[in-house]
Amino acid sequence: MENNELNSPGYEIPDDMKSVVSITTLDKIYNWGRRSSVWPMMFGLACCAIEMIATAASRYDFSRFGMEVMRPSPRQSDLMLVSGTVTKKMAPTIVRLYNQMPEPKYVVAMGACASGGGPFKEGYNVVSGVDKLIPVDVYIPGCPPTPQALINGLIKLQELIDTQSLKTVRWYQKGELAAVPVPVLGPDLIYPKDIPAIQEAGKEA
Amino acid sequence: MSDLDFTTRFPTGVVADERKGYEGYIVDADKLVEFATALRDEFGFDYLSSVTGVDYINEGKLEVVYHAYKTTGGAGLVFKTQVDREAAEVPSLYNIYPGADFQEREAWDLMGIKFTGHPDLRRILLWEGFEGHPLRKDWKEPYFEEDVKPFKSRWPEGDFHRAEDKNPYGANVQYPDKFDPEKWQPEGEDALYGSLAKYQTTDESGLVTDHITVNLGPQHPSTHGVFRIAAKLNGETIVNLKPVMGYLHRNHEKIGERNTYLQNMPFTDRLDYLSSMSNNFGYALAVEKLLKVEVPERAEYLRVIMAELTRIQNHLFAIGMFLNDLGAFFTPSLYAIEERELILDIFEMVSGSRMMCNYFRFGGVVRDLPEGALEKIKGLVLDRLPRKVDEMDRFLSENEILRSRTVGQGYLSAEDAIKYSAAGPMLRASGIPYDIRRADPYSIYDRFDFDVAVRYNGDIYDRYYIRLDEVRQSLRILEQAIKDIPEGEILSGKPQYTVRVPAGESYGRVEGPKGELGFYIVSDGKANPYRYHVRAPSFINLTAFGPMCVGLKVADVVAVLGSIDIVLGETDR
Amino acid sequence: MYGKGLIKGLGVTLKRFVNTYLDDLKWAGKRYYTQEGLAHRSSKDANGIFTVQYPEEKLPVPEEFRYVPFLVYDELEDGTHHNRCTACGICSKVCPPQCIWIERATDPKTGRPKQEPAAFSIDLDICMNCGLCAEYCPFDSIKMDHDYEIAGYGRTVHHLDELLKPASYYDEIRPLNSAREAAIRKEKEEAKAAKAAARAARAAKK
Ligand code: SF4
Ligand code: SF4
Ligand code: SF4
């Protein structure tokens, strides 16, 4: 971390003040604060979760990025690291967990399974990527992504946070933020958005 | 197996299986219970290892396949029952071998075989209300493309597309004809909660107490993944408990039946994803039995070395996570994971991946040790690991918090362990010295000098400590293996990507870190297995979980679960 | 005695803490951000702190390391590129989750298939990094990459232009493998040339 990383260019700060004073924008300091304390939810789905644990452990140690505070409760986390295969049986729970996370919240799809279905995609109980359920910010390919690849993805997330502005982020817009509709376990997984189409198809059959 | 003679005991109803490549006996469904009772009480096959089904659609039959063993050692016995596909009803063996509980539920869930007399026949991996029984050969999933791989759409006119773009709903779903979501009533969890029995107790003073239901998971820090426990509590004491799984059911078997034999190898990595090398081992053994290929000497040694390293890193991880469950939050596991990392470095060097090794091939292994790998293994096995294991032992095993949480808790008696088909460290911690490496040796395990770790108290502490014992025994095996490893070939024959496997059935089993890992394969002579079933130790060990927890407090349930050491990839497959 | 375990445990951590600094002294500043230091920290003698300071220092990956597949092209002397892939389709047949799509090129004049791919796509959101494609490709064309820093803001599908990488890159990441394969290729070519020469000689005799 550079001392004057926060500074906006174009402002002269006397040398003896450099270590204590920064001139910056609100956006920058807000982003800096958030990007340095992204708390992931302690939430593992499959094989990738083991690599996530390895990343949290002492060898790769993502507490160097201020991410060590892993909370099992969605209420206390900023980041949902979807580490593994999203199954249909688990899908309603995942959406519910996402809805319970307070804003600002981010989702990282770790591994092939979470990004797009993965090797088990053709299976009858597998959702083709968690972005079918909730919005995803960063995708990390790999099966499993090695701990270094995961950290690389988390750095990408920090870069994404750096580009956001208080004025445009969705959680400071007027009006309520709509919750993501929770799919239902029926004869197969029922996505609420599909209900009219299913009824239509049912009539024809 | 030839010394067994059932004809005098069962003049009718039991015949030897004469199909080419098959073995064992076919038992009439109405004789099944009688046969199993005799098997257990008269012939000494006290351990029912695996129950599964095969759908012979061309003959219109469903076959239930049972594998039974003697816990005193020796080869196993296979027996089967055939029923009509349309009216698939088989008497349940639950009362004779309670270890059949979850496996029968799985066969009902995935194949639609009804086990009459089973006390709680619900779906286990999928949810109540799911349409169809997916492992039946005529059941097709939403992304179904072809019966077998490789798919024709990939080459030579491979036009890239995503499967979801072809599905009318843009997702991996399909609904039955005339299905109307508005009229449909969710089944919910009534069956589960109903099976937990809602009742009240009245204490001496006449106070009526309602039992309450508590759910742990599927998102809970103590469940090692997406696993759920539904418990009935009287105050703080557990009166009934049912594990709920399937949250990671990835349809391994259905996909496996479409894959070619080789293509299944990397998929087995993802079963018990902590110990991919052992999974490879079991699968390779099962297919090699059918292929009848020899494995070169050096490859056998490499296999053993990798399998034992896998056992060590699995147990280290299990111990670390188990202490997590006890509340020693993360510190012991950080130390354990450190040693594991060093072993993973070796795997990465040898196989290319830290976790998903895909290292075994039919008739050998994929590549030889690269330069420097053997030195690394030697350094770890001879120097570092013994030191570190002793250190863990010194600091953890005598710790009074650990002892007071674990000694005498979560008791599983030897009889119960056998009854519930518990395997691996769980069985051995209850005093049954049953280790497949010794009881029914495979590969070259008969050459090594090692002891079968066994402990007699059957409590959580023993299940923790036996893992340290086993690590020490594995180190002993490794020492001998790295000393004796010869030079030479590592694969018999040329590397091939299609193998023709003769028709027949085979069951390959290894002593995985979690217990007996078995692969049941039925081949019809084609390039892909007709039936591919995994006997998953994590799954079957959970059968004893409920009974073990009755009478304990909720916090101890977590410790019991940690001491069983499950991996969800294998539990749910 | 209660509390003994606690003290013992804290002792382990303290020892570890002290060891880190002792080792730092021994290595006199070379322990971090150097390859030797990193190798030491991931060897059996590792003592004290164990952390790899990714991204400032990166753990070197072994030669066999596999991440995602890529295609190799040769740089010919005249500056053009020659794609090694002949669109034989073996990799797409062997791929377990079937995530390789290959469209074989056709000769626009004759309409017959050509020995090169017109399109080649790998869906990295399905690929299980198993390495079977690289293992069975008979033309040493598809290989497993070492580059794991490919996280992005969308799904990842690699088409021909992302997949193709020069042979020099392959030689760099897998020197032993590529040397071995080159030797086999050379041997085969020589055998072929010898055969052709023999045939020519025989023909000349007649
Ligand atoms: S991407 Fe691979 S390693 Fe990760 S969960 Fe899926 S199968 Fe497992
Ligand atoms: S990459 Fe290799 S195996 Fe695949 S089509 Fe090209 S030449 Fe054939
Ligand atoms: S690495 Fe495996 S999954 Fe990936 S493209 Fe190659 S064969 Fe297919």
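Residues numbered from 1 in each chain as written. Chains lettered and ligands numbered in written order. Predicted model: local features only at pLDDT ≥ 70, side-chain atom pairs only at ≥ 80, totals over all residues. Heavy atoms only, no water.

**Student:** How should the overall build of chain C be read in this particular structure?
**Tutor:** A tally of regular secondary structure across chain C gives seven helices and seven strands. In terms of overall dimensions, chain C is more spread out than a globule: its C-alpha atoms have a radius of gyration of 26 Å, far above the 17 Å expected for 206 residues. Summarising its shape, the C-alpha atoms of chain C cover approximately 95 × 45 × 35 Å along the three principal directions. Taking all 206 residues of chain C together, 47% fall into the buried category. Put simply, 60% of the contacts in chain C that link residues at least 6 apart link residues at least 24 apart. In chain C, 31 positive and 30 negative side-chain charges are present, and the distance between their average locations comes to 8 Å. (Helix = DSSP H or I, 4+ residues; strand = E, 2+ residues; numbered from the N terminus. Rg over C-alpha atoms; globule rule 2.2 N^0.38 Å. Buried < 20%, exposed > 50% of the residue type's maximum accessible area, 1.4 Å probe, protein only. Contact = heavy atoms within 4.5 Å. Lys, Arg positive; Asp, Glu negative; His and termini not counted. Charge placed at Lys NZ, Arg CZ, Asp CG, Glu CD.)

**Student:** Got a minute to help me understand the overall build of chain A in this structure?
**Tutor:** Of the regular secondary structure elements, chain A holds six helices and five strands. Starting at the N terminus, the α and β elements of chain A follow one another as α-α-β-α-β-α-β-α-β-β-α. Counting across all 205 residues of chain A, residues that qualify as buried make up 62%. Here chain A displays about 8,000 Å² of accessible surface, and carbon together with sulfur accounts for 56% of that area. (Areas by Shrake-Rupley, 256 points an atom, 1.4 Å probe, with all protein chains shown as cover.)

**Student:** Looking at this structure, how should I read the interface of chain B and chain C?
**Tutor:** In many analyses, interface size is given as the accessible surface area lost on bringing the parts together. Contact residues are listed per partner, giving 52 residues for chain B and 46 residues for chain C. Taken over both partners, the interface formed by chain B and chain C buries close to 4,300 Å², and the fraction arising from carbon and sulfur atoms is 56%. At the junction of chain B and chain C, the tally comes to five salt bridges. Its residues assigned to classes, the side of chain B that touches chain C comprises 19 nonpolar, 12 polar and 21 charged. (Buried area = accessible area lost by both parts, 1.4 Å probe. Salt bridge = Lys/Arg side-chain N within 4 Å of Asp/Glu carboxyl O. Nonpolar A, V, L, I, M, F, W, Y, C, P; charged D, E, K, R; others polar.)

**Student:** Sorry if this is basic, but what is going on with the site of ligand 2 here?
**Tutor:** Around ligand 2, the surrounding shell holds 14 residues, and the nearest of these are Cys85(C), Cys88(C), Gly89(C), Cys91(C) and Cys137(C). For the shell around ligand 2, the class distribution of residues is 11 nonpolar, three polar and no charged. (Near = heavy atom within 4 Å.)

**Student:** Mind showing me how you'd approach the sheet that holds strand E6 (residues 157-158) of chain C here?
**Tutor:** Backbone hydrogen bonds hold the strands of a sheet together, and the pairing may be parallel or antiparallel. Residues and elements named next belong to chain C. Across the sheet, which stays open at both edges, the three strands sit in the order E3-E4-E6 with antiparallel pairing between neighbours. One side of each edge strand has no neighbouring strand; the edge strands of this open sheet are strand E3 (100-106) and E6. Here strand E4 (residues 113-123) runs beside E6; their pairing, made up of two bridges, is antiparallel. From the neighbouring strand, Ile122 faces E6, where its bridge partner is His158. (Pairing = 2+ DSSP bridges.)

**Student:** What is the right way to read the pattern of salt bridges from this model?
**Tutor:** Oppositely charged side chains can pair when the atoms bearing their charge come close. On inspection of all chains with the given rule, the structure shows 69 salt bridges over all chains. Taking the shortest distance from any N to any O, the salt bridge between Glu122(A) and Arg258(B) comes out at 2.5 Å. Here Glu122(A) is found in the loop between helix H4 (111-116) and strand E3 (138-140), whereas its partner Arg258(B) is found in helix H5 (residues 252-258) on a different chain. Glu308(B) is the partner of Arg311(B) in a salt bridge, and the nearest nitrogen-oxygen pair spans 3.1 Å. Taken together, the residues Arg311(B) and Glu308(B), both in helix H8 (residues 297-326) and three residues apart, mark about one turn of the helix. You can call Glu308(B) buried: its relative accessible area is 0%. By sharing partners, the salt bridges in this structure join Glu308(B), Arg311(B), Arg428(B), Asp435(B), Arg437(B), Glu470(B) and Glu511(B) into a single network.

**Student:** In this structure, what is going on with the packing of aromatic side chains? I would like to understand it.
**Tutor:** The geometry of an aromatic ring pair comes down to the distance between the two centres and the angle between the two planes. All told, the structure shown has 37 aromatic pairs over all chains when counted by the stated rule. Here Phe65(C) and Tyr148(C) contribute two aromatic rings whose centre-to-centre distance is 6.4 Å and whose plane-to-plane angle is 85°, an arrangement assigned as edge-to-face. Linking Phe65(C) in the loop between helix H2 (35-41) and strand E1 (69-75) with Tyr148(C) in the loop between strand E5 (142-144) and E6, this pair joins segments that are 83 residues apart in sequence. We note that Phe65(C), like Tyr148(C), is buried. The structure contains a cluster of three or more aromatic residues connected by ring pairs, namely Phe281(B), Tyr301(B), Tyr359(B), Phe360(B), Tyr442(B), Tyr445(B) and Phe448(B). A cation over an aromatic ring shows up here: Arg19(B) above the ring of Tyr22(B), its NZ or CZ 4.2 Å from the ring centre. Lying across the ring of Phe144(B), Lys140(B) places its NZ or CZ 4.8 Å from the centre. (Phe/Tyr/Trp six-rings, centres within 6.5 Å; stacked < 30°, edge-to-face > 60°. Lys NZ or Arg CZ within 6 Å of the ring centre and 35° of its normal.)

**Student:** Would you explain the sheet that holds strand E4 (residues 61-69) of chain B in this entry?
**Tutor:** All names here are of chain B. Spatial strand order, E1-E2-E5-E4-E3: five strands in an open sheet with mixed pairing. Edge positions in the sheet fall to strand E1 (14-16) and strand E3 (47-56), since each has one partner strand and no second. Neighbour-to-neighbour, the strand axes of this sheet turn through a mean angle of 25°, independent of strand direction. Here two bridges tie strand E2 (residues 25-27) to strand E5 (residues 77-84), and the two strands are oriented parallel to one another. Following the sheet pairing, Ile26 is matched in E5 by Lys80. Sheet strands in contact with helix H1 (residues 32-41) are E1, E2, E4 and E5, and its direction is about 170° off that of E5. Strands E3 and E4 of the sheet are contacted by helix H2 (residues 101-111), whose axis makes an angle of about 10° with E3. (Axes fitted to C-alpha atoms, helices over the stretch in contact; angles between N-to-C directions.)

**Student:** Looking at this structure, how should I read helix H9 (residues 331-351) of chain B?
**Tutor:** In an α-helix, one full turn covers 3.6 residues, which means residues spaced three or four apart are oriented alike. Helix length check: H9(B), at 21 residues, gives a terminal C-alpha distance of 30 Å against a target of 30 Å (1.5 Å per residue), a fit within 8%. The buried fraction of H9(B) is high, at 19 of 21 residues. (Expected span 1.5 Å × (residues − 1).)

**Student:** Where do I start with the interface of chain A and chain B in this structure?
**Tutor:** Taken together, the contact between chain A and chain B spans 54 residues of the former and 67 residues of the latter. A per-residue breakdown of the area chain A buries against chain B is headed by Lys89(A), Glu122(A) and Tyr124(A), which together make up 17% of the total. There are seven salt bridges connecting chain A and chain B. As a salt-bridge pair, Arg59(A) and Asp345(B) come within 2.8 Å of each other at their nearest N and O atoms. There are 26 residue pairs in polar contact (both at pLDDT 80 or more) connecting chain A and chain B. Mapped by element, the contributors of at least two residues to the side of chain A that touches chain B are helix H2 (47-56), helix H3 (91-100), strand E4 (184-185), strand E5 (189-190) and helix H6 (195-204) of chain A. Take the side of chain A that touches chain B: its biggest share by element is six residues, from H6(A). A breakdown of the residues in the side of chain A that touches chain B according to their chemical character gives 32 nonpolar, 12 polar and 10 charged. (Polar contact = N/O pair within 3.5 Å; in protein donor to acceptor, adjacent residues only side chain to side chain.)

**Student:** What is the right way to look at the packing of H8(B) against helix H15 (residues 460-484) of chain B in this model?
**Tutor:** Residues and elements named next belong to chain B. Look at H8 against H15: their axes get within 9 Å of each other, and the N-to-C directions meet at 155°. The angle between H8 and H15 falls in the class roughly antiparallel. Here H8 runs over H15; the crossing is left-handed. Split by residue class, the contact of H8 with H15 holds 17 nonpolar, two polar and five charged. (Parallel < 35°, antiparallel > 145°, perpendicular 65-115°, else oblique. Left-handed = near helix turned anticlockwise from the far one by under 90°.)

**Student:** Quick question: what am I supposed to make of the packing of helix H7 (residues 276-291) of chain B against H8(B) here?
**Tutor:** Each pair of packed helices can be described by the angle between their axes along with the distance between the axes. Residues and elements named next belong to chain B. Two numbers describe how H7 lies on H8: the axes approach to 7 Å, and their chain directions differ by 140°. With respect to H8, the element H7 is oriented oblique. Contacts between H7 and H8 pair Ser276, Met277, Ser278, Phe281, Ala284 and Glu288 from the former with Arg303, Met306, Ala307 and Thr310 from the latter. A per-class count over the contact of H7 with H8 returns five nonpolar, three polar and two charged.

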